[in-house]
Amino acid sequence: MSKSVPDRKSGTPEGKTDGGESAAPWRGVLVLAFGAFAIGTDEFVLAGVLPELSDSLSVSITTAGQVVTVFALTCAVMAPILGTLTAAWPRHKVLKLSVLVYLLGVVGTGLAPSFPVVLAAQVVAAVGAGLYIPAASVTASALMGPERRGRAIAAVTTGLTAATALGAPIGTVVGSVLDWRATMWFIALLTVLSLFGVFTLVPAVVVGAPGGLRRRLAPLGDRRAVAVLAATLVAFTAAYIVYTYMAEVFAPATGGDGRKLAILMFAFGLTGMVGNYYAGTLADRFGARLVVGGAVVLLALSLLVVPLATGSFAAAAVVIVVYGVAAWGITAPQQSRLIALSPESAPLLISLNAAFLYLAIALSGVIGAVGINTIGARNISLVGAAVAVLALGLSELGHRLAKSSPAQTAKVTA
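About the criteria used
- Residues numbered from 1 in each chain as written.
- Predicted model: local features only at pLDDT ≥ 70, side-chain atom pairs only at ≥ 80, totals over all residues.
- Heavy atoms only, no water.
- Helix = DSSP H or I, 4+ residues; strand = E, 2+ residues; numbered from the N terminus.
- Buried < 20%, exposed > 50% of the residue type's maximum accessible area, 1.4 Å probe, protein only.
- Contact = heavy atoms within 4.5 Å.
- Areas by Shrake-Rupley, 256 points an atom, 1.4 Å probe, with all protein chains shown as cover.
- Core = buried A, V, L, I, M, F, W, Y, C linked by side-chain atoms within 4.5 Å.
- pLDDT = per-residue confidence, 0-100.

The name given to the chain in an unreviewed UniProt entry is MFS transporter, with the source organism recorded as Streptomyces achromogenes.

Caption draft 1: Summary view of the overall build of the chain. Helices and strands together make up the secondary structure of the chain, namely 19 helices and two strands. For the chain, with 414 residues in total, the buried portion stands at 55%. Excluding contacts between residues fewer than 6 apart, the proportion of contacts in the chain whose partners are at least 24 apart in sequence is 83%. For the chain, the exposed area adds up to about 16100 Å²; of that, 70% sits on carbon and sulfur atoms.

Caption draft 2: Main features of the environment of L73. Within the element layout of this structure, L73 appears in helix 4 (residues 66-85). Owing to a relative accessible area of 37%, L73 belongs among the partly exposed residues under this scheme. With 285 residues separating them in the primary sequence, L73 and Y358 have C-alpha atoms 6.6 Å apart. The contact partners of L73, leaving out residues within four places of it in the chain, are L359 and A362.

Caption draft 3: Up close: unusual backbone geometry. One non-glycine residue with positive phi stands out, namely S58, at about 55 degrees. By relative accessible area, S58 is classed as exposed at 66%.

Caption draft 4: Expanded view of the nonpolar core. L32, Y132, F250, L299 and Y323 are the most contacted members of the largest nonpolar core, which totals 101 residues. In this structure, Y323 is in contact with A239, Y240, V242, Y243, F268, L299, S302 and L303, ignoring residues within four places of it in sequence. In terms of nonpolar packing, the next biggest core, distinct from the first, is built from twelve residues, V138, A225, A332 and L338 among them.

Caption draft 5: Representation of the confidence of the model for the chain. For the chain, per-residue confidence averages 77 on the pLDDT scale, and residues scoring 70 or more make up 82% of the total. Mean pLDDT across the elements of the chain bottoms out in strand 1 (residues 16-17) (34) and peaks in helix 15 (residues 313-328) (91). Residue range residues 1-22 is modelled with pLDDT below 50. Its contacts to residues more than four positions away, or to other chains, number 40 contacts. Low pLDDT (under 50) marks residues 406-414, which in the prediction has 27 contacts with non-local residues, meaning those over four places away or in another chain.

Dropping the structure here:
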């Protein structure tokens, strides 16, 4: 049974009735996951509507593609800054503000008359996204208690994987049948539903936070936290090198057929949802460090096999399934490790973790491009495998540093 969260006013446990465990905490977590789904859909669908966007605003495809870069980099920069500035705020206020800002950016994008305005509106949307994901993860963890932290965080991040598997394909179809602005209105509808859920179904929780700016930034001087964050950056760089250029890597298997490529992307997102959720469950049972290590090893192995599977659609689908499980199996356990290191600094640490993830997306595009020009698209997964090995080393370094510290939390870091 999960630990209840103290009510700010009465000091009595929330989510308890007649001595039994209520479903209220899980309802709140599911609402937070739906919000992550709405936000992730904007992030992942933009690549799918680039042709419509470029035609509508009379810019090249490569120029239109910068909207993805701008979104990711804004999230990367703003997530830790906003996490620090709002660390002492009640989480429910941060959640409401973040969804409102995100909605403003999405609506602004849908109404934008020119590409520069689209970029500006996406910056606004990214600010909301950068604020929401860490706040949602911390809130979910607080709602469910330490013994169910991994599952709670996994539920939120499963919303992001669902955006990859469902939101982005649906939004892409809407954009191709109607236009890219219709896709933005589809996302706006999802966001309005999310906002309603946050206001009505997510209870207020108390999350400890350091009192001053210096104390809030103290985790940046913690070698344990830095090692875990570095592992996040390197692991997701490895994971996204192939995903970013999936169309090129698996072109022989798909024959350039967009429908076959969509099936592969759907398989990646769907199995990623499963891998992410069960990774959180396994982290609660066996410890996050062990789950992260296993996922990174599986990621490296799947990337090593990719060159052998690019000529057959069936083989590509099998590899994609393993690849998706491994790639998304890293997220929830990493966040769980960070919260365990310093629960009072959780808002900042989870914000930093989100920032490093977004940086990894941007970095993978650069490394992948260099790899394609050097060794060809078929072999860039080998670069990813090498990067994954480095991530495993950083993960183990974080474990050793935590083990040598008297402030460690043994269940999560062992």
